[in-house]
Amino acid sequence: MPIRPLLRFPDPRLRQAAAPVEHFDAALAALAQDVLDTMRAAPGIGITACHLGIPLRLVVLELEGWDAPRFYANPRLLWASEARITHPEGSVCMPGVSETVERAASVRIAYQQLDGTPAEEAAEGLHAICHQHEIDQLDGIFWTQRLSRLKRDRLLKKYQKLG
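The residue numbers shown here count from 1 along each chain, following its written sequence. Totals for whole chains, interfaces and linings use every residue, but because this is a predicted model, local features are given only for residues with pLDDT of at least 70 and side-chain atom pairs only at 80 or more, for both listing and counting. The side-chain quantities take in all heavy atoms of the structure and omit both hydrogens and water.

**Student:** In this structure, what is going on with the environment of K158? I would like to understand it.
**Tutor:** Put simply, DSSP H or I for four residues or longer makes a helix, DSSP E for two residues or longer makes a strand, and each gets a number counted from the N terminus. Residue position: K158 is located in helix α3 (residues 149–162). The buried label applies to any residue whose accessible area, calculated with a 1.4 Å probe on protein chains only, is under 20% of its type's maximum; exposed applies above 50%, and partly exposed to all values in between. What makes K158 partly exposed here is its relative accessible area of 46%. Separated by 62 residues in sequence, K158 and G96 have C-alpha atoms that sit 9.0 Å apart. Two residues qualify as a contact provided that any one of their heavy atoms is within 4.5 Å of a heavy atom in the partner residue. Ignoring anything within four residues of it in the chain, the contact list for K158 reads G96 and V97.

In C-alpha cells form, the structure reads like this:
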C-alpha cells in the first residue's frame, strides 16, 4: 500500500474536526492500511487519517508488545479517570520535538471496527494517552494545545529552528 504525504504543522487542517466514518467498505480498509503504512514510515505509534489531510474519524495505533495494529473508526471517550499521568508526546506532523503532557491515566472508549461492528475498549498508561491524543486530533485539538503557553512557545521556537 502507498505511503501518503503527511500534513506538517501548522497546516490549518490539523485543527479541523473530522467527519464520522459512514461507509465501512473496501475503500475504508484500503485507507486504514495506507494510514498504517504511513505511520510506520514516519515513524509513529499512533496516527489519524487527519494527519494525511483526510478528515475522517479513523485512528491507527500500534504499541510495543501488541500482536497487531489496531484500527478505530469513530472513536469517542466514554470515561476518563480522575487519576492523571504525564508522558512525552509529539506528532508525526511536527517531527523532532516533544513535550510532557498530562492526561487521564485510564480511559474507556467506544468505536467501530473496520467492518462497522461496535466495540468498546479500556486502556491505561501509554495506551490511554494514545487514545486521548488521537481523539483530540479528530476533534481538531492539536496536541500542543494541551501545553501551557510557556511550554508551547518554547516548543514552537525549537520546532522553527529545526525548519
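**Student:** Would you mind going over the environment of L77 with me for this structure?
**Tutor:** Relative to the elements of secondary structure, L77 occurs in strand β3 (residues 70–80). Note on L77: relative accessible area 40%, which makes it partly exposed. Considering only alpha carbons, one finds L77 and L61, 16 residues apart in sequence, at a separation of 16 Å. Not counting residues up to four positions away in its chain, the partners in contact with L77 are V107, R108, I109 and I135.

**Student:** Explanation requested: the nonpolar core in the structure shown.
**Tutor:** In these notes, a set of buried Ala, Val, Leu, Ile, Met, Phe, Trp, Tyr and Cys residues joined through side-chain atoms within 4.5 Å is what counts as a nonpolar core. Formed by 27 residues in total, the largest nonpolar core has its most connected members in V35, I47, L58, M94, F142 and W143. Where this core is concerned, the elements lending two or more residues are α1 (26–41), β2 (58–61) and α3. Here this core takes 6 residues from α1, the largest share from any one element. With residues up to four places along the chain from it excluded, the contact list for I47 reads L6, V35, T38, M39, L52, L58, V59, V60, V92 and E134. With 16 residues, the next largest nonpolar core counts C50, V107, I109 and L138 among its residues.

**Student:** What is the right way to read the sheet that holds strand β6 (residues 106–112) from this model?
**Tutor:** Whenever strands of a sheet pair, they do so through backbone hydrogen bonds, lying parallel or antiparallel. Strand order in the open sheet formed by 5 strands is β1-β2-β3-β6-β7, and the pairing between neighbours is antiparallel. Strand pairing shows two members of the sheet lacking a second neighbour, β1 (46–48) and β7 (118–124), which therefore form its edges. Within the sheet, the average angular offset between the axes of one strand and its neighbour, ignoring direction, is 40°. DSSP bridges decide pairing: two strands pair if at least two such bridges lie between them. Pairing analysis gives 3 bridges linking β1 to β2, with the strands arranged antiparallel. Its bridge partner being in β2, T48 is matched across the sheet by V59. Between the N-to-C directions of two axes lies an angle of 0 to 180 degrees, each axis being a line fitted to C-alpha atoms and, for a helix, fitted only over the stretch in contact. Against the sheet, α1 touches β1, β2 and β3, its axis set at about 45° to β2. Docked against the sheet, helix α2 (residues 126–138) engages β1, β2, β3, β6 and β7, running at close to 125° with respect to β7.

**Student:** What should I look at first to understand the pattern of salt bridges in this one?
**Tutor:** Side chains carrying opposite charge are able to pair once their charged atoms draw close together. Any Lys or Arg side-chain nitrogen located within 4 Å of an Asp or Glu carboxyl oxygen qualifies as a salt bridge. Inspection of the entire model under this criterion finds 11 salt bridges. Measuring nitrogen to oxygen at the nearest pair gives 3.0 Å for the salt bridge that ties R57 to D139. Highlighted residues: R57 in the loop between β1 and β2 and D139 in the loop between α2 and α3, separated in sequence by 82 residues. Residue class for R57 comes out buried when judged on its relative accessible area of 13%.

**Student:** I'm lost on the side chain of H133 in this one. Help?
**Tutor:** Counting through the fold element by element, H133 comes out in helix α2. Distance and chemistry together define a polar contact, namely a pair of N or O atoms within 3.5 Å, with one atom able to donate a hydrogen and the other to accept it when in protein, and with adjacent residues in sequence counting only for side-chain atoms on both sides. Here G90 takes part through its backbone oxygen, which lies 3.5 Å from a polar atom of the side chain of H133. Apart from the residues lying within four places of it in its own chain, the contact partners of H133 are E89, G90, R103 and W143.

**Student:** Sorry if this is basic, but what is going on with the state of the cysteines here?
**Tutor:** Defined simply, a disulfide is a covalent bond joining two cysteines at their sulfur atoms. Cysteine sulfur atoms that come within 2.5 Å of each other are treated as a disulfide pair. Applying the stated criterion to the full structure yields 0 disulfides. There is no disulfide at C50, and the cysteine sulfur nearest it, in C93, is 9.5 Å away. Look at C50 and you get buried, because its relative accessible area is 4%. No disulfide involves C130; its sulfur sits 15 Å from that of C93, the nearest cysteine.

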